[in-house]
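Chain by chain, the residues run as shown.
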Amino acid sequence: MKKVCVVGGGAAGLMAAYAAAKKGHRVTLFEKNEKLGKKIYITGKGRCNFTNDAPAEEFLQNVVRGEKFLKGAIYTFPPQKTIEFFENNGLSVKTERGNRVFPASDHASDVTKTIEKACKNAGVELRLNEKVVNLITTPNIIPMSDIIDSSMKDIIPMPRIVGLKTEKGEYACDYIIVATGGLSYPTTGSTGDGYAFAKELGHNIIPLKCGLCGLNLTGNTYKSLQGLSLKNVCLTVNNGGKVVYSGFGEMLFTHFGISGPLVLTASSLINRLAIKNLTISLDLKPALDEQTLDKRILRDFEKYKNKKLFNALVELLPQKLISVVLSIAGISGEKSVNIVTKEERVNLVKALKNMPLKAESLRGFEEAIITSGGIELSEVNPKTMESKKVSGLKFAGEVLDVDAFTGGFNMQIAFATGFAAGNSIKE
Ligand SMILES: Cc1cc2nc3c(=O)[nH]c(=O)nc-3n(C[C@H](O)[C@H](O)[C@H](O)COP(=O)(O)OP(=O)(O)OC[C@H]3O[C@@H](n4cnc5c(N)ncnc54)[C@H](O)[C@@H]3O)c2cc1C
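The rules we used
Numbering of residues starts from 1 in each chain and follows the order in which that chain's sequence is written. Restriction of local features to residues with pLDDT of at least 70 applies here, the model being predicted, together with a cutoff of 80 or more for giving and counting side-chain atom pairs; totals for whole chains, interfaces and linings are based on all residues. Derived side-chain values reflect all non-hydrogen atoms in the structure, with water molecules and hydrogen atoms excluded from consideration. To qualify as a helix, a DSSP run of H or I must reach at least 4 residues; to qualify as a strand, a run of E must reach at least 2; elements of each kind are numbered from the N terminus. Throughout this description, buried means an accessible area under 20% of the type-specific maximum (1.4 Å probe, protein chains only), exposed means over 50%, and partly exposed covers the range between. Between two residues, a contact is recorded if the distance between any of their heavy atoms is within 4.5 Å. Here the accessible surface of atoms and residues is derived via Shrake-Rupley with a 1.4 Å probe, and residues count as covered only by protein chains that are part of the display. In this tally Asp and Glu are treated as negative and Lys and Arg as positive; neither His nor the chain ends contributes. Taken as the charge centre is NZ of Lys, CZ of Arg, CG of Asp or CD of Glu, depending on the residue. Domains are outlined according to an automatic or database domain assignment. When two parts are brought into contact, each loses some accessible area as probed by a 1.4 Å sphere; the total of that loss over both is the buried area. As used here, the arc belongs to the directions running from the helix axis to the C-beta atoms. Axis angles are defined between N-to-C directions and span 0 to 180 degrees, where every axis is a line fitted to C-alpha atoms and, for a helix, only to the segment in contact. Oblique is the label for every angle not falling under 35 degrees (roughly parallel), over 145 degrees (roughly antiparallel), or within 65 to 115 degrees (roughly perpendicular). Left-handed describes a crossing in which the near helix is turned anticlockwise from the far one by less than a right angle; the clockwise case is right-handed. Amino acids are sorted into nonpolar (Ala, Val, Leu, Ile, Met, Phe, Trp, Tyr, Cys and Pro), charged (Asp, Glu, Lys and Arg) and polar (every other residue, Gly among them). Only heavy atoms are used to decide nearness, and a residue is near a molecule or strand if one of them lies within 4 Å of it. Here a polar contact is recorded for every N or O atom pair within 3.5 Å, except that within protein the pair must consist of a potential hydrogen donor and a potential acceptor, and residues adjacent in sequence are included only if both atoms are side-chain atoms. Buried and open spaces are told apart on a 1 Å grid over the protein atoms alone, a cavity being a set of points where a 1.4 Å probe fits but cannot get out and a pocket being an open set with protein on both sides within 12 Å along at least five of seven lines. Residues with an atom within 4 Å of a point are the lining residues. Grid points are joined across faces, edges and corners, and a volume is the space filled by probe spheres set on the points. We call Phe, Tyr and Trp rings a pair once their centres come within 6.5 Å, taking the six-membered ring for Trp, and we label the pair stacked below 30 degrees between planes, edge-to-face above 60, and tilted otherwise. Note on pairing: DSSP must find at least two bridges between two strands before they are called paired.

1. Describing the overall build of the protein chain
Step number 1: A tally of helices and strands in the protein chain yields 13 helices and 22 strands.
Step number 2: Across its three principal axes, the protein chain shows a C-alpha extent of roughly 85 × 55 × 35 Å.
Step number 3: A total of 427 residues make up the protein chain; the buried ones form 54% of that total.
Step number 4: Sequence-distant contacts, at least 24 apart, represent 74% of the contacts inside the protein chain between residues at least 6 apart.
Step number 5: Put simply, the protein chain shows about 19,100 Å² of open surface, and 50% of that area lies on carbon and sulfur atoms.
Step number 6: For the protein chain, the separation between the mean place of its 55 positive charges and that of its 43 negative charges on side chains is 3 Å.

Right under this line is the structure:
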């Protein structure tokens, strides 16, 4: 039996603790908050979309970073195992559109309660209000990061975990599983402590970026659209002539710029690019090509031929959008429909099919759903989640350089990597 310390009581830490305890190890979990799973409570708008019931292969297609690394963990502990785990521990679940799985009660708190109970039953000691401040290893005379000559690595023993320090005391242990989450929604406790622990012990941290977040737009052109939600539109992001994202669906104009499903997805794909240099465009009528759209406009013009242009587009566009589109097209809404020129109509079609949006930056970590970047995956064994630099040190969940789209994929990654970390600790 090994002594295992888990740092962090979120999805990854709880599953890691459970899996290690089930293997017969003595497990202590440290959570700095007064309760477990503070982030779980706010997931899925309080309903917690805790996994996505897709086959492993399809699941992995929704991973933005770390697909190859996660393959083993997801095949070993796929969404179906997560569902089984929760059902076996008394939680009724339901599957909604897009294979999204929720607790049948629609209460995220039931997910936390279930996994907390499973941990307690498995014998995990839960230490709340106890922040881990330092990880202790065997003396490492030369920091690994200072070893320049790679041949030296073979003769210098790898440092090994021997314990950790919290604000309340010191604990000896054989293994530490760091599951401290990322940086997003820091009020839930995810303040990046794990990155500091890993860095201190010689690990590389891939730069941290916001993922699944909104975009701040430049200027005031779109301020009047605040609150406008659009369906069936196509958002395209171009970087130096290369399409880096194109998606069809829903989006939203906000007080800062744009958000909603299409924008969240796009943000995770563009967060390592220079946002200001991107060309973003919105196709408001993706179902119609330019010719068909022009015919449709002509029909509306015929119907409203004695009206002002502004009043002739009410069937084509939501009220709030009309003046913005007309201003992009460079036509006055006060103009009478019967004197609109063909050239103006061409410009109107262009504005509808290719509405330009100039982004300034990503929103901040306070609002991002996920942190992209983290502990470099090449320094972690994907089967055991153990560090290749410090023996006995493991990582699980968002602290790793892994992230995925919305739909329950991120929590499943936390569960699967947590399970791999805990379950792989041998006698
Ligand atoms: C608003 C929002 C909605 C989301 N909705 C969904 C969703 O519906 N489905 C989905 O799949 N994903 C969702 N996510 C993403 C998902 O919540 C995370 O990917 C997942 O919870 C990460 O789990 P984790 O255990 O790695 O980290 P976290 O949940 O961040 O847990 C880390 C824990 O470690 C603790 N901790 C940190 N440092 C220390 C320390 N030094 N000592 C002790 N404890 C420490 C923290 O207090 C925290 O409890 C959402 C995220 C947000 C912000």
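Here the narrative resumes.
2. Thoughts on the domain arrangement of the protein chain
Step number 1: For the protein chain, the domain assignment lists domain 1 (3–210 + 365–423), domain 2 (215–285 + 357–362) and domain 3 (290–353).
Step number 2: A straight line from the C-alpha centre of domain 2 to that of domain 3 covers 23 Å.
Step number 3: Contacts between domain 2 and domain 3 engage 12 residues on the former and 11 residues on the latter.
Step number 4: Taken together, the two surfaces of domain 2 and domain 3 that pack against each other cover about 1,000 Å², and 65% of this comes from carbon and sulfur.

3. Considering helix 5 (residues 79–88)
Step number 1: For helix 5, the complete set of buried residues consists of Pro-79, Thr-82, Ile-83, Phe-85 and Phe-86. Down the axis, helix 5 shows its buried residues gathered within 160° of arc, on one side only.
Step number 2: One or two positions beyond helix 5, positive phi appears at Gly-90, with a value near 95°.

4. Structural notes on the packing of helix 9 (residues 290–303) against helix 12 (residues 342–353)
Step number 1: Contact geometry for helix 9 and helix 12: axes closest at 10 Å, N-to-C directions at 120°. Put simply, helix 9 runs oblique to helix 12. Of the two possible hands of crossing, helix 9 and helix 12 adopt the one that is right-handed. On helix 12, the residues touching Glu-290, Leu-293, Asp-294, Ile-297, Leu-298 and Phe-301 of helix 9 are Arg-345, Leu-348, Val-349, Leu-352 and Lys-353.
Step number 2: Split by residue class, the contact of helix 9 with helix 12 holds 7 nonpolar, no polar and 4 charged.

5. Quick word on the site of the ligand
Step number 1: Looking at the ligand, there are 36 residues lining it, with Glu-31, Asn-49, Ser-190, Asp-193 and Met-411 nearest.
Step number 2: At a separation of 2.9 Å, an oxygen atom of the ligand approaches a polar backbone atom of Gly-44.
Step number 3: In the environment of the ligand, an oxygen atom lies 2.7 Å from a nitrogen or oxygen atom belonging to the side chain of Ser-190.
Step number 4: Counting residues per element, the ones that place at least two in the shell around the ligand are helix 1 (11–22), helix 2 (38–42), helix 7 (193–200) and helix 13 (409–423).
Step number 5: In terms of residue count, helix 13 provides more of the shell around the ligand than any other element does, 4 residues in total.
Step number 6: Of the residues contributing to the shell around the ligand, the split by class is 14 nonpolar, 15 polar and 7 charged.

6. Considering the layout of surface pockets
Step number 1: Considering only enclosed or pocket space, the second largest pocket measures out at about 230 Å³ in volume.
Step number 2: In terms of lining residues, the second largest pocket is bounded by 13 residues, among which Asn-62, Gly-98, Arg-100, Thr-406 and Phe-409 are the most central.
Step number 3: Its residues placed into classes, the lining of the second largest pocket shows 3 nonpolar, 7 polar and 3 charged.

7. Observations concerning the packing of aromatic side chains
Step number 1: Applying the stated rule across the entire model yields 8 aromatic pairs.
Step number 2: Seen in terms of ring centroids, Phe-50 and Phe-86 are 4.8 Å apart; in terms of plane orientation they differ by 55°. Their pairing is tilted. Linking Phe-50 in the loop between helix 2 and strand 3 (51–52) with Phe-86 in helix 5, this pair joins segments that are 36 residues apart in sequence. In this pair, the class of Phe-50 matches that of Phe-86, namely buried.
Step number 3: Among the aromatic residues, those joined into a ring-pair cluster are Tyr-18, Phe-50, Phe-85, Phe-86 and Phe-415.

8. Quick look at the sheet that holds strand 21 (residues 393–395)
Step number 1: One open sheet accounts for 5 strands, arranged 7-2-1-11-21; its pairing is parallel. Unpaired on one side and paired on the other, strand 7 (125–127) and strand 21 mark the two borders of the sheet. Between one strand axis and the next, the sheet turns through 20° on average, direction left out of account.
Step number 2: The sheet contact formed by strand 1 (residues 3–7) and strand 2 (residues 26–30) spans 5 bridges and is parallel.

9. Comments concerning the environment of Ile-115
Step number 1: Mapped onto the elements, Ile-115 comes out in helix 6 (residues 108–121).
Step number 2: Its relative accessible area of 1% is what places Ile-115 among the buried residues.
Step number 3: Residues Ile-115 and Tyr-18 lie 97 residues apart in sequence; the distance between their C-alpha atoms is 8.1 Å.
Step number 4: Those residues in contact with Ile-115 that sit more than four places away from it in its chain are Ala-11, Leu-14, Met-15, Phe-85, Phe-86 and Phe-415.

10. Re the pairing of strand 5 (residues 93–96)
Step number 1: Relative to strand 6 (residues 100–103), strand 5 is paired through 4 bridges, and the arrangement is antiparallel. Looking at the pairing, Thr-95 lines up with Val-101 of strand 6.
Step number 2: Hairpin connection of strand 5 to strand 6: 3 residues between the antiparallel strands, including Gly-98 at a positive phi of 70°.

11. Describing empty space enclosed by the protein
Step number 1: The final tally for this structure, using the stated rule, is 1 cavity of 30 Å³ or more.
Step number 2: Approximately 80 Å³ is the volume attributed to the largest cavity.
Step number 3: Around the largest cavity, the lining residues are Leu-217, Thr-218, Gly-219, Asn-220, Tyr-222, Lys-223, Phe-253, Thr-254, His-255, Phe-256 and Gly-257.
Step number 4: Its residues assigned to classes, the lining of the largest cavity comprises 4 nonpolar, 6 polar and 1 charged.

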